[in-house]
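Structural characterization, general
Chain residues, written in single-letter form:
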Amino acid sequence: MAAKTLPPARRRLARIRCLQECIDCLHESKPLPESICYVPLELEYYPPSKTNIKLYACPNTSSEVVLSLACTIDTRIIVSGEELCNGQGKWLKVKKVKAHAGSDFEDIKKDAWLLLFSSRSSVEEAPPIMPVTEKTRTKTVDKSTSSKITSWEDVVDNHYALQFPQRRPTKAQADSTAVAQLQSVMRDKTWSLEHDESLVQLMAQHIPRDNDALGAIKSYVEHVDVSSYCDEDGPLNLTDGDPDTYWESDGSQGQHWIQLRMKKGTVIKKLCIVLDGSDDNYLPSRILVQAGGIDTRIRGIKLQSTEERSLGFDCDFFSKDKLVRFPMLEPFSPEVLYRRAIILQRFVNIMDSVLHYMKVRQLLPLSKKRLNLIETFLKDTATDPSEKPVVYINRRAAMEHRCDPSQDPDCKSTVFMQLYEGLKPRDRTSKPLHYRWSSRYDQWWECKFLSEGIIDQGGGFRDSLSDVAEELCPTSSDSPIPLPYFNRAPNQAHDDSNVNRDMYVPNPACQDWEKYEWIGQLMGACFRSKENLVLSLPPFVWKKLVGETTTWSRDYQTVNAAEVQLIDNLDSMDQDTFNALGRSWSLILSNGAPLALRLDSDGATKVLNYSERDEYAEEVRRIRMNEFEDQLMAMRKGLITVVPEAVLELLTWQELETRVCGDPEITIEALKKTTYYDDLDETDIRVKYLWEALKAFSNEDRSRFLRFVTGRRRLPAPLVISSGKGDTIDSLPESSTCANMLYLPYYSSAKMAEEKLRYAAYNCIAIDTDMNPWED
């Protein structure tokens, strides 16, 4: 029985058995099964037409040409079953060549490499040679090889399928050296599942996301964004193929746009927009790269394009510069990481076919089916509210409370509490907000800031989210904490290079469960939308929220690294050093409260003896790992009322954090990708000075700048650069957070631009008619 004739149910069960064995191997740091690492010893190819083929001494077109072949359709080429992808493309190692029918195969005595696909080739380009199939085999080929299977998928399916051995198809001879190399990384005792997780995170950052909402253009476009959203109009109407639906711009002339973010390697041959002549009052007056009249209706977008061939992760991808943020991977060579990436992608391909039945969370970011499944869950559980609630906010009172929280112990003046109370149902017939809004519903409430002349078209709403985040987890390490729900993590008190020094953790003394649930609901609403609630929580907390397993040495050190080191060192500590510490049966909780674990007969805390240190260490680990468990579970309870628990089970903690908080790293490259220019271009001296100034900014400076312009503290956030409103030089910039617009004046130098932009970012937060006007 050929592998392709296996019934679907038996093939699915076979793959589940394979995955289960692979999961056991991953958790036990053992080599994966030979079947998933299968590589055929040889494969047979033929040229589909007359062609000349060059064979190189190594997989590099700059190397010596060892052989030039004039091929016909009767030529047969035997290559190694192991492919090699590098920055130039996909290569095959040629072992034998038969020039024409009736001749014998001749061995290639030197290393000879053939470039099958260039890394810049299009999917429309045919390769110089193609695999021999049953239809293309000649009578001179040994038929004993015709029934042998050569793909690793078929080997997996038939190895794990329950069938009689005599009916199981024969696999072609394996390349034992290549199989051993694919398995070898797990023979290195320093490699673990954590290394696989790190490798997956690296790879996942460079995988283009598939988006079914893009319709027919999803093969070429990663994302469609528009300048304004209406209740019934949105970018989905541009890609649904329905000429009766449309996106309508809303606002002033010259301030609206449609952005297509193209996939890497796409070459646009023709770009069309669909209009309706009957919309005589809604037709664009002009169409440019940034264009549009007043209130135009665009009914669709069509592309004629070609797609660059994807060769996956090549060996050159795993260069040292890519590994800077992944220190666990730096000790390993690019060749080792490349082969491990091959195996992980095979694992995920099998997993995608049975995703509903099995998963390994750490490897899920490579899965393509998973993202569609997540979006399906979110779409099926989304319900937009019938009306937009209006909340009145006194930010002056909230600012006064931030300066001295002791004057308002109940925190009623905070934006957090004003929002919480203002969003409560107003009468018995009103329903509480459920926060399960679809992504197209981009403003959940309207803010009316007292004593601030604002028309909230989104900027005020985003500002309220930023205010809430700042009250929960202040960015300044010196300012008081306005609310009781989070404490500064102990790592903030240590002057070291710990990357988790700015983190907060839930307050174990606070038992206001309803507020913690509401925080979880806000996090869930941000997960569903493009908005951010920037909470500086350590990985330990995010792992708890998403449901991942946490450990003391790896995870709790993101909360209190000094405590982890001290407790772990007790085991090997000599008695003199231990006695010098003078420890007792007590500890300090993350909120600074002392906790006595054992008392003597007089009610005083017992002194810790040297022989009791192991018992003490276990007790401390248990308490510290669970000290704010109730608060976390309340947040998770609120979170899963908005985001289905099934979605959380498909996420890593990094993905949850990024979708709730945005990307914490604001690079110049990332900012430029989200920036648009209105009546300016990139060659303008004002734009040049802007980017030079932002290059000198720290990440915190850029976060402040982003909030000044957009109301958001993290990416993604659209940024529109426009010319200043006057002719003055070296004045402070202005912004409109509703339009995500920066009005950029002229500056005498990049240094002056840096000074003015930084001052505005840190000092200009009040809104007057949704504008931040500041003059010298």
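For the structure given in this document, a descriptive report is provided here. Just so we're clear, the structure is a prediction, and the values are computed from it rather than from any experiment. (Residues numbered from 1 in each chain as written. Predicted model: local features only at pLDDT ≥ 70, side-chain atom pairs only at ≥ 80, totals over all residues. Heavy atoms only, no water.)

1. Examining the overall build of the protein
Along the backbone of the protein there are 22 helices and 25 strands. Looking at the protein alone, contacts between residues at least 24 apart form 68% of all its contacts between residues at least 6 apart. Entry remark: accessible area of the protein is about 37400 Å², with carbon and sulfur atoms responsible for 49%. (Helix = DSSP H or I, 4+ residues; strand = E, 2+ residues; numbered from the N terminus. Contact = heavy atoms within 4.5 Å. Areas by Shrake-Rupley, 256 points an atom, 1.4 Å probe, with all protein chains shown as cover.)

2. Digging into the sheet that holds strand β23 (residues 719-723)
Strand order in this open sheet of four strands is β22-β23-β25-β24, and the pairing throughout is mixed. At either margin of the open sheet sits one strand with a lone partner, and together these are β22 (675-678) and β24 (734-736). Strand-to-strand twist across the sheet, computed as the mean angle between neighbouring axes with direction ignored, equals 25°. The strands that helix α20 (residues 685-696) touches are β22, β23 and β25 (741-744); relative to β25, the one it contacts most, it runs at about 115°. (Pairing = 2+ DSSP bridges. Axes fitted to C-alpha atoms, helices over the stretch in contact; angles between N-to-C directions.)

3. Some points on the packing of helix α13 (residues 552-570) against helix α15 (residues 613-626)
As a packed pair, α13 and α15 sit with axes 11 Å apart at the nearest point and diverge in direction by 165°. With respect to α15, the axis of α13 lies roughly antiparallel. For the element pair α13 and α15, the recorded crossing hand is right-handed. Note on element contacts: α15 touches α13 through R613, Y616, A617, V620, R621, R624 and M625, opposite W552, Y556, N560, E563, I567, D568 and L570. For the contact of α13 with α15, the per-class residue count stands at eight nonpolar, one polar and five charged. (Parallel < 35°, antiparallel > 145°, perpendicular 65-115°, else oblique. Left-handed = near helix turned anticlockwise from the far one by under 90°. Nonpolar A, V, L, I, M, F, W, Y, C, P; charged D, E, K, R; others polar.)

4. Quick notes on unusual backbone geometry
Even without a glycine there, the phi angle at S29 is positive, about 55°. Structurally, S29 can be placed in the loop between α1 (8-27) and β1 (42-46).

5. Here's the deal with the environment of N491
Tracing the chain through its elements places N491 in the loop between β18 (486-488) and β19 (504-506). According to the relative accessible area criterion, N491 is buried, its value standing at 1%. Between the alpha carbons of N491 and M503 there is a distance of 7.5 Å; along the sequence they are 12 residues apart. One polar contact links the side chain of N491 to the main-chain carbonyl oxygen of T558, over a distance of 3.1 Å. A polar side-chain atom of N491 sits 2.8 Å from the main-chain amide nitrogen of A561. (Buried < 20%, exposed > 50% of the residue type's maximum accessible area, 1.4 Å probe, protein only. Polar contact = N/O pair within 3.5 Å; in protein donor to acceptor, adjacent residues only side chain to side chain.)

6. Brief notes about the packing of aromatic side chains
Under the criterion given, the structure shown has 20 aromatic pairs. Taken together, a centroid distance of 5.0 Å and an interplanar angle of 70° make the contact between F416 and W518 edge-to-face. Of the two residues, F416 is situated in helix α9 (residues 415-422) and W518 in helix α11 (residues 513-528); the sequence distance between them amounts to 102 residues. Of the two residues examined, F416 and W518, each falls in the buried class. Judged by centre distance (6.1 Å) and plane angle (85°), the ring pair of F540 and F628 falls under edge-to-face. Residue F540 is located in helix α12 (residues 539-546), and its partner F628 is located in the loop between α15 and α16 (629-642); the two are separated by 88 residues in the primary sequence. (Phe/Tyr/Trp six-rings, centres within 6.5 Å; stacked < 30°, edge-to-face > 60°.)

7. Here's the deal with the pattern of salt bridges
Summed over the entire model, instances satisfying the criterion amount to 35 salt bridges. Measuring nitrogen to oxygen at the nearest pair gives 3.8 Å for the salt bridge that ties R339 to E82. Within this pair, whereas R339 is found in helix α6 (residues 334-353), its partner E82 is found in the loop between β4 (76-80) and β5 (84-86), the two being separated by 257 residues in sequence. On the basis of relative accessible area, R339 is assigned to the partly exposed category, the value being 22%. For the salt bridge of E645 with R636, the shortest nitrogen-to-oxygen distance reads 3.0 Å. Judged by relative accessible area, which is 38%, E645 ranks as partly exposed. (Salt bridge = Lys/Arg side-chain N within 4 Å of Asp/Glu carboxyl O.)

8. Remarks on the packing of helix α8 (residues 395-403) against helix α10 (residues 459-472)
Axis separation between α8 and α10 bottoms out at 12 Å; the angle between their running directions is 15°. Our classification of the angle between α8 and α10 gives roughly parallel. Relative to α10, the crossing made by α8 is left-handed. Contacts between α8 and α10 involve R395, A398 and R402 from the former and D463, D467, E470 and E471 from the latter. Within the contact of α8 with α10, the residues separate by chemical class into one nonpolar, no polar and six charged.

9. Description of a nonpolar patch on the surface
Together, I273, L275, L283 and I287 make up an exposed nonpolar region whose accessible area comes to about 310 Å². Mapping L283 onto the fold places it in the loop between β13 (267-274) and β14 (297-298). (Patch = residues over 30% accessible without salt bridge, like charges linked within 9 Å, V, L, I, M, F, W, Y side chains within 5 Å.)

10. Brief notes about the environment of P389
Examined against the element boundaries, P389 turns out to sit in the loop between α7 (368-380) and β16 (390-393). Sequence spacing of P389 and P425 is 36 residues, and the spatial spacing of their C-alpha atoms is 9.7 Å. Excluding anything up to four places from it in sequence, P389 contacts L423, L433, W444, W445 and E446.

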